Amino acid sequence: MELTYDREGPYLDRVRLGDLDLLRRVGVEVRDHRWMTVPGRVLHVSGSRLEVWHSSGEVDFAWHGTVTATEDSLRFSIEGRAGRDFERARIGLCLLHPGHLAGTAVEVNGAPAGEFPRRISPRRIFTGIRTMRYLDSGVEVRISLSGETFETEDHRNWTDPGYKTYGTPLDRPWPVLLRRGDRVHQTLHLTVTGHPLPTRPRPRPAVRTATLPPIGLHPTPDLISASTDMSVDRPGSPFPRMSPGPEHAVSPSAGSSDLLGVASFLHGTVDLGTSGWRRELDRLVAAELPLTLSAVCSAPGQLAALRDAWPTSGGGTLLVFDRAHGTPRELAAEARHAFAGTPVRIGGGSRAHFAELNRAEDFPADLLDLVAFPIAAQAHHADEASIRETLRVHPLVVRQATEHGRPVFAGPVGLLPSFGFAAPGDRPPSALFRAAWLVGALSALTGAAAVSLDAAALADSPAHHVLAALRPFTGGRLADPALPAGLTGLAVRRGGRLLVVAAALDGGEPIVLDARGQSLTTITEADSRTEPDTPANSREDSGWIVRERPRGARVSLRPPSIAILVTPPGGDH
């Protein structure tokens, strides 16, 4: 059994012993003085040596790394140099530990230091790291780090699936000035002893007694403006905008009415410190959907003005946040007072990441009707493999948020953060991948009371077909989808019918799906090699094909793809 790794761009991915993942990723992180990530471009690779350059308008930093791997050890040494004077927040090695280490005891610098936490920790886990030692599935893992002071944090705060060890502690003053010619030298040395225990199959998650929550839309301003003057189509059938024939149907681009017409509610945002917030509120109200409003407050009295402008229907949900993206006790109390005597539900938490909710002290859950936080899959990594892995953490953040004793509102849920930094990527995920990830997110977030989806992540994708299929089943009882390995999705029963929505996201071999008498619709890539008789979407860079298959068909799904199955009343459930 050998210690191996994959190289993806400037990273070492999946450092593993046999099938046991020891580290998910090893890389060099460069953050400028604003904490923005400066991506690295691979200049040259020769055997075990690679050269990488990080460049932006201000940053100029190049490094070369050397990897030495044996049967029981891996050494990764980097030597970097500043090409000009610039200020940095962080430069150095970054290790991503897999989430299966939860509960594993760790020694740091030769002394017991606790464990990788089971609950998502709001604080740094280990500090002052020179060495780490722990057991992973019967393997003793030793990690030695040099060239900087390192610490570990819980990356699940941002829905990344595991833990992160990085250089430059967060309590150090920043930014730090690097002069042209300054050098950075750091080394990771990982050794293993022993052999992993046999891999145990992961148990199937238990299906809770729950119902499909309402699914809303967090629209972009242009989507609202384009939609308020048109009659929004509210579909009554699971599959609107498809041709009735059994052969195939071609998806149009997702327009404003496609997305708004299949949303259960609208989740908008207004900044009460700006002069245009009333116009923005009017546009949201004109969409004629139940309203959930995130209000950003910067001064006392602003919520009273919002109360005066609130729709005359009087209902809806108000989420209140301050400029630090949280909900302090005094703001929750002000909202409760301003909207006293109305049916408006008051919520709060975080509008940045789960991390801010998790770190909140004296969180005013007693003054709130629900707890809210967003999810952004590209907070730290932009590659599709990392985006897929965030789905593992969604149930954890929902479960931990419910510990406040209030229903959970997850939203907006999407790829890019609503503001702040996001991981840069060479190319955005494909339209079909984004829609398939949406299916996985909805499956993972069924413990939430409501979910809003980021319209920017769904634009020009077939996501509206998924939402159109789900909307008639809102409030239906969740069931075990009993999907083949490699598929993720959810099943809902309502009115004697069963709906299953499944997505193939993981790479690898195609997955065979048997409809077993159900009606079946598939959404696959517009690829002439696999669908020669089917015309493609007009957008070649994000094309997809929607096909209505014969009842009881067996299909082979190649990731990314989506399958929608419906059992008619009285059918085989």
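Conventions adopted
- Residues numbered from 1 in each chain as written.
- Predicted model: local features only at pLDDT ≥ 70, side-chain atom pairs only at ≥ 80, totals over all residues.
- Heavy atoms only, no water.
- Salt bridge = Lys/Arg side-chain N within 4 Å of Asp/Glu carboxyl O.
- Helix = DSSP H or I, 4+ residues; strand = E, 2+ residues; numbered from the N terminus.
- Buried < 20%, exposed > 50% of the residue type's maximum accessible area, 1.4 Å probe, protein only.
- Pairing = 2+ DSSP bridges.
- Axes fitted to C-alpha atoms, helices over the stretch in contact; angles between N-to-C directions.
- Phe/Tyr/Trp six-rings, centres within 6.5 Å; stacked < 30°, edge-to-face > 60°.
- Polar contact = N/O pair within 3.5 Å; in protein donor to acceptor, adjacent residues only side chain to side chain.
- Core = buried A, V, L, I, M, F, W, Y, C linked by side-chain atoms within 4.5 Å.
- Contact = heavy atoms within 4.5 Å.

A.B. asks: Would you take a moment to explain the pattern of salt bridges for this structure?
C.D. replies: For side chains of opposite charge, pairing can occur when their charged atoms come near one another. This model, assessed by the stated rule, comprises 27 salt bridges. Between Arg25 and Asp13 there is a salt bridge, with the nearest N and O atoms lying 2.8 Å from each other. A residue pair is termed long-range when its members are at least 10 positions apart, and Arg25 in strand β3 (residues 20-32) and Asp13 in strand β2 (residues 11-17) qualify at 12 residues. When its relative accessible area of 7% is taken as the criterion, Arg25 is described as buried.

A.B. asks: Where do I start with unusual backbone geometry in this structure?
C.D. replies: Most of the time, phi is negative for any residue but glycine, and the peptide bond is trans. The peptide bond linking Gly411 to Pro412 adopts the cis configuration, its omega dihedral lying at -5°. With an omega of -5°, the peptide bond running from Pro559 to Pro560 counts as cis. Even without being glycine, Trp35 reaches a positive phi, approximately 70°. Its place among the elements puts Trp35 in the loop between β3 and β4 (40-46).

A.B. asks: I tried to follow the sheet that holds strand β33 (residues 561-567) on my own but got confused; where do I start?
C.D. replies: Hydrogen bonding along the main chain pairs the strands of a sheet, whether they run parallel or antiparallel. In spatial order, the strands read β26-β27-β28-β33-β30-β31; together these six strands make up an open sheet with antiparallel pairing. Each of the sheet's edge strands pairs with one partner strand only, and the pair in question is β26 (477-479) and β31 (544-549). For this sheet the average axis-to-axis angle between neighbouring strands, irrespective of direction, equals 20°. Relative to β33, strand β28 (residues 497-504) runs antiparallel, the two sharing seven bridges. Each bridged residue has a counterpart across the sheet, and for Ala503 the counterpart in β33 is Ile562.

A.B. asks: How do you make sense of the pairing of strand β17 (residues 183-193) when you look at a structure like this?
C.D. replies: In summary, the side chains of a regular strand alternate between the two faces of the sheet. Direction of pairing for strand β7 (residues 73-82) relative to β17: antiparallel, over a ladder of nine bridges. Within β17, the position partnered with Ser77 by the bridge is Thr187. With seven bridges connecting them, strand β13 (residues 139-146) and β17 associate as antiparallel partners. Paired with Ile143 across the two strands is Leu190, which belongs to β17.

A.B. asks: Please explain the packing of aromatic side chains as it appears in this structure.
C.D. replies: Aromatic ring pairs are defined here through the distance separating the ring centres and the angle between the ring planes. According to the stated counting rule, one finds eight aromatic pairs in the structure shown. Geometrically, the ring pair formed by Trp63 and Phe76 is edge-to-face, given 6.2 Å between the ring centres and 75° between the ring planes. Pair noted here: Trp63 is in strand β6 (residues 60-69) and Phe76 is in strand β7, with a separation of 13 residues, a long-range link. According to the relative accessible area criterion, Trp63 is buried, its value standing at 3%. Relative to Tyr134, the ring of Phe116 lies with its centre 5.5 Å away and its plane at 90°, an arrangement referred to as edge-to-face. With Phe116 in the loop between β10 (111-115) and β11 (126-129) and Tyr134 in strand β12 (residues 131-136), this residue pair connects regions lying 18 residues apart in the sequence. On the basis of relative accessibility, which here comes to 0%, the residue Phe116 falls in the buried class. Relative accessible area serves as the criterion here: at 3%, Tyr134 is assigned to the buried category.

A.B. asks: Got a minute to help me understand the pairing of strand β24 (residues 408-414) in this structure?
C.D. replies: Taking burial as the measure, the seven residues of β24 include seven buried ones, the bulk of the element. In terms of strand pairing, strand β23 (residues 370-376) meets β24 through five bridges, oriented parallel. The residue bridging Ala376 from the neighbouring strand is Gly414, located in β24. Across three bridges, β24 lies against strand β25 (residues 450-454) in parallel orientation. Opposite Ala410, over in β25, you have Val451 as the bridge partner.

A.B. asks: So what exactly am I meant to see when it comes to the side chain of Glu280 here?
C.D. replies: For Glu280, the position within the fold is in helix α3 (residues 277-286). One polar contact links Glu280 to Arg283, side chain to side chain, over a distance of 2.3 Å.

A.B. asks: Explain the nonpolar core here, please?
C.D. replies: Within soluble globular proteins, side chains that are nonpolar generally end up buried alongside one another. Core analysis: the largest hydrophobic core is formed by 90 residues, its most contacted members being Leu303, Leu306, Leu318 and Ile562. Per-element accounting of this core gives the leading share, 10 residues, to helix α9 (residues 431-444). When residues no more than four places from it in sequence are discounted, the contact partners of Leu303 are Leu272, Cys297, Leu318, Val320, Leu331, Glu334, Ala335, Ala338 and Phe339. The next biggest cluster of nonpolar side chains, apart from the first, holds 45 residues, and it includes Leu20, Phe61, Phe116 and Tyr163.

A.B. asks: Before we go on, may I ask you to explain the sheet that holds β10 in this structure?
C.D. replies: On the basis of which strands lie adjacent, the open sheet formed by nine strands has the order β4-β5-β6-β7-β17-β13-β12-β9-β10 and antiparallel pairing. Each end of this open sheet is capped by a strand with a single partner; those strands are β4 and β10. With strand direction ignored, the average angle separating the axes of adjacent strands in the sheet is 20°. In this sheet, β6 lies alongside strand β5 (residues 49-55) in antiparallel orientation, the contact comprising seven bridges. By the bridge assignment, Trp53 is partnered in β6 with Ala62.

A.B. asks: Can you help me understand the environment of Gly128 in this one?
C.D. replies: Considering the arrangement of structural elements, one finds Gly128 in strand β11. With a relative accessible area of 31%, Gly128 lands in the partly exposed category. The spatial distance from the C-alpha of Gly128 to the C-alpha of Phe150 is 5.7 Å, given a sequence separation of 22 residues. Among residues more than four places away in sequence, those in contact with Gly128 are Asn109, Thr149 and Phe150.

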